[in-house]
Amino acid sequence: MTKLRMGLIGGGEGAFIGAVHRIAAELDGQIELVGGAFSSSAEKSKRSGQSLYGLTADRCYGTFEELIRSESVMDPSRRIDFIVIATPNHMHFEHAKAALEAGFHVVSDKPMTFSLEEALELRDIVARTGKVFGLTHNYTGYPMIKEARHLVRSGALGEVRRINIEYIQGWLASPEERDGNKQAEWRTDPSRSGAAGCMGDIGTHGENLAEYVTGLRIRELCADLTTFVPGRRLDDDGNVLLRFEGGAKGVLSASQIAVGVENGLTLRVYGESGGLEWAQMEPNSLVVRWPDRPYEIRRTGGAGVSEVSVAASRIPPGHPEGFLEAFALLYRNFAQAVRDANEGKSISIADYDFPNVHDGVRGMQFIETVVESSARGAAWLIFPDA
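Description of the structure in this document. (Residues numbered from 1 in each chain as written. Predicted model: local features only at pLDDT ≥ 70, side-chain atom pairs only at ≥ 80, totals over all residues. Heavy atoms only, no water.)

**Focus on helix α5 (residues 116–129)**
Okay, step 1: Helix length check: α5, at 14 residues, gives a terminal C-alpha distance of 20 Å against a target of 20 Å (1.5 Å per residue), a fit within 8%.
Okay, step 2: Of all the residues in α5, the buried ones are L116, A119, L122, I125 and V126.
Okay, step 3: Looking at the buried side of α5, the elements it contacts are α4 (92–101), β5 (133–135) and α12 (357–375).
Okay, step 4: Backbone geometry just downstream of α5 places G130 in the positive-phi region, at approximately 75°. (Helix = DSSP H or I, 4+ residues; strand = E, 2+ residues; numbered from the N terminus. Expected span 1.5 Å × (residues − 1). Buried < 20%, exposed > 50% of the residue type's maximum accessible area, 1.4 Å probe, protein only. Contact = heavy atoms within 4.5 Å.)

**Description of the side chain of D237**
Okay, step 1: Tracing the backbone shows D237 in strand β8 (residues 237–244).
Okay, step 2: Buried charge D237 goes without a salt bridge, the closest partner of opposite sign being R232 at 9.7 Å.
Okay, step 3: Apart from residues lying up to four places away in sequence, D237 is in contact with C198, D224, L225, T226, F228, A254, S255 and I257. (Lys, Arg positive; Asp, Glu negative; His and termini not counted. Salt bridge = Lys/Arg side-chain N within 4 Å of Asp/Glu carboxyl O.)

**As for the packing of α5 against α12**
Okay, step 1: Where α5 meets α12, the closest approach of the two axes is 9 Å, and the angle between their N-to-C directions is 170°. One finds that α5 runs roughly antiparallel with respect to α12. Judged by residue contacts, L116, A119, L120, L122, R123 and V126 of α5 engage V357, H358, V361, M364, Q365 and E368 from α12.
Okay, step 2: Of the residues assigned to the contact of α5 with α12, the class counts are eight nonpolar, two polar and two charged. (Axes fitted to C-alpha atoms, helices over the stretch in contact; angles between N-to-C directions. Parallel < 35°, antiparallel > 145°, perpendicular 65-115°, else oblique. Nonpolar A, V, L, I, M, F, W, Y, C, P; charged D, E, K, R; others polar.)

**Side note on the sheet that holds strand β10 (residues 264–271)**
Hydrogen bonds along the backbone pair up the strands of a sheet, which may run parallel or antiparallel.
Okay, step 1: The strand order across the open sheet formed by nine strands is β13-β12-β11-β10-β6-β9-β8-β7-β14, and the pairing between neighbours is mixed. One side of each edge strand has no neighbouring strand; the edge strands of this open sheet are β13 (296–299) and β14 (380–382). Shown here is a sheet whose adjacent strand axes are inclined to one another by a mean of 15°, direction ignored.
Okay, step 2: The sheet contact formed by β10 and strand β11 (residues 275–279) spans five bridges and is antiparallel. Counterpart to Y270 in the pairing with β11 is G275.
Okay, step 3: Along the sheet, helix α6 (residues 143–153) makes contact with β6 (160–168), β10, β11, β12 (285–289) and β13, crossing β12 at roughly 25°.
Okay, step 4: In the packing of α12 onto the sheet, the strands contacted are β7 (218–226), β8, β9 (249–255) and β14, and the crossing angle to β7 comes to about 55°. (Pairing = 2+ DSSP bridges.)

Dropping the structure here:
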């Protein structure tokens, strides 16, 4: 099978997520990174492409415009098939729009855009160009999240009553943005991050995960955002009360000032006849609770789990799979959609099980509704479909 050729925008020296994209994309042997524009500095971009990714000098571009222009006229046997956007939020829309309109499929980091207005326009561009668009809500790729989704949507837990999502970290408990931390600098800068800080960076993962697993959409919310670190310009902590369609209630808590916590993402779903609990720090286990018998611990690839979660596993039970493998599953599904699209097949993007442009719009709606609710004194606001 011929590998799909990938281009990368961002991910240069000092970045974390560029290497993650590269490893995840190439893990299943279907994709190969062949070129990119890795920094806003032309010199740094070219140096990063060769030193970090081992690419030839002619495929290390000084700007993203040069990348798109040069690759667009290249022979189809060498030209990149899709472009990955791993830049700060304020550049996502510009890069995605240019890539899509030049005929490239796109994978973008989340949140999808800087604003809801941009997200709605990008959704129109995806529809107009007919290109495949993926969004890296990578936690949906864990096998035990697939198992949780199967349990809820099969009705095994009965009607869902309560959904709790917690995503807490401690890396911004101090003013890291004033100490030369590049990742902290742009994430706490409203001109680059957008209207929200913590709630946009990790709260959107919680929103996406809750809707993905349960199939229930948030209809109303009430938010209280806080900035604890003096002088910081965006929220670093927040709590959101949620009302879902069908009557389920929920709470989403997100924080980046929880001292000493590494990456505390947890999901709990409770229905009328059962419940489940999953934690990203122990991703190969899913706790399932019943009212009339002992609770279960289901394990990745283990006996009794569903076919959908088995299909998301790569190795035998007892061999840990984690963040990179979950990320890679999104790329595996995205690659299949791209291959089918390139062959002229009529595709329904929802059939490929990876986050898409519609999820990106939901994420931006969530951010803007949460920020408005908090600004209005934790007012209850409608969270409508756009």
